[in-house]
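# Geometric and topological summary
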Amino acid sequence: MEAQLQALKTEALEKIAAAANVKELNDVRVAYLGKKGPITDLLKSMGKLPAEERPKMGALVNVVREEVTTTLEERMVILEEEAINMKLQSETIDITLPGRPVRTGNPHPLTRVIEEIEDLFISMGYEIAEGPEVEKDYYNFEALNLPKGHPARDMQDSFYITEDILLRTHTSPVQARTMEAKGGEPIKIICPGKVYRRDNDDATHSHQFTQIEGLVIGEDIRMSDLKGTLSVFAKKMFGDDREIRLRPSFFPFTEPSVEMDISCFKCGGTGCNVCKKTGWIEILGAGMVHPNVLEMAGYDSKRLTGFAFGMGPERIAMLKYGVEDIRHFYTNDVRFLSQFQRTEV
């Protein structure tokens, strides 16, 4: 029996050493140490031995079983580490391959134009002023020399919430509120924001659009100051070779009032489809602040003067980027917006 036990030990150790993976090693464990294994059978047959041999053989069987078990456990650790290493190698990610590019967003073309205009006027010493989009009739019209019943109100028909509350039709109420808050002090501001009018939507009109207005009030502010400011604006937005033209116009809140045209950036003034063969493109309206507007805000119109101007970023963006329909700015069509993909420098 002792010889049989030694033979089992040698055979088990050889198979443990020959096991190539965890599964094969488990099979060896079950074959030799399991309930039906030969070492377990030897323990069960101990009762057939003479009483004086049982302790010696029992101790020998236990030694063999412990040695096989220890060897098996050591081999199991080695095979498990090998299995993990093989799995890591097979699942290794090649980090030298280029990754998939992440699509980044872009500023909306209107946002680009607005920020470009803001940066220009901030560099000229202007401050940005904002106000509510739901406005009082007083600030939207009356404080701007447009009393109730004034015919010029028909040009800015808006969405009324009550008789005295409406969605603002321009950002001029911000000017009125700023003048009222300043209490007669000099002002140099631009007022960007969203405005609303009851226009029928088409290629050049929208019931909702953006506007940027400017206001300067101080001593000895003249029309020449306005012209110089607008000339700098035109050259910055459309090129250094742009020229401007001021034409007489009418706005209730400015006197005198002008419309500003720029020389066509496509044909240089010779005439083309962009400028409708005139050589000039209308850009914005402006003028000297009406004395009535100054007086209503608490300014001394005999001592202080000022100029104001208003422009539509949509129109500027349409000209700058060659957009033919204003509705493209509001439909969130990725095919349209992707044309303005920014370029990393």
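Residues numbered from 1 in each chain as written. Predicted model: local features only at pLDDT ≥ 70, side-chain atom pairs only at ≥ 80, totals over all residues. Heavy atoms only, no water.

### Description of the UniProt feature "binding site: Mg(2+)" (unreviewed entry) in the protein
Applicable threshold: UniProt positions are given in the numbering used here, feature names are shortened, and annotations may be inferred rather than shown by experiment. Helix and strand assignments follow DSSP, with helices taken as H or I runs no shorter than four residues and strands as E runs no shorter than two, numbered in order from the N terminus. Burial classes: relative accessible area under 20% of the type maximum marks a residue as buried, over 50% as exposed, and values in between as partly exposed (1.4 Å probe, protein chains only). Any two residues whose heavy atoms approach within 4.5 Å are treated as being in contact.
What UniProt calls "binding site: Mg(2+)" (unreviewed entry) maps, in this numbering, to E255. If you trace the backbone, E255 turns up in strand β7 (residues 254-263). Under the relative-accessibility criterion, E255 is labelled partly exposed at 46%. Filtering out sequence-adjacent residues up to four positions away, E255 remains in contact with M288 and H290.

### Details of the packing of aromatic side chains
Counted only if it meets this: Centre distance within 6.5 Å is the pairing criterion for rings of Phe, Tyr and Trp, where only the six-membered ring of Trp is used; planes under 30 degrees apart are then read as stacked, over 60 as edge-to-face, and the remainder as tilted. Working rule: Lys NZ or Arg CZ, within 6 Å of ring centre, within 35 degrees of ring normal, means a charge sits over the ring.
Summed over all chains, the structure comprises seven aromatic pairs. With a centroid separation of 5.1 Å and an interplanar angle of 80 degrees, the aromatic rings of Y138 and Y139 are classed as edge-to-face. The exposure class of Y139 is buried, given its relative accessible area of 11%. Members of the aromatic cluster, each reached through a chain of ring pairs, are F121, Y126, F233, F307 and F309. Positioned above the aromatic ring of Y139 is the side chain of R177, whose terminal nitrogen or guanidinium carbon lies 4.1 Å from the ring centre.

### Quick look at helix α7 (residues 172-182)
Those residues of α7 lying buried are S172, P173, V174, Q175, A176, T178 and M179. The elements touched by buried residues of α7 are β2 (134-136), α6 (137-140), β4 (187-196), β5 (208-218), α9 (291-296) and β9 (305-311).

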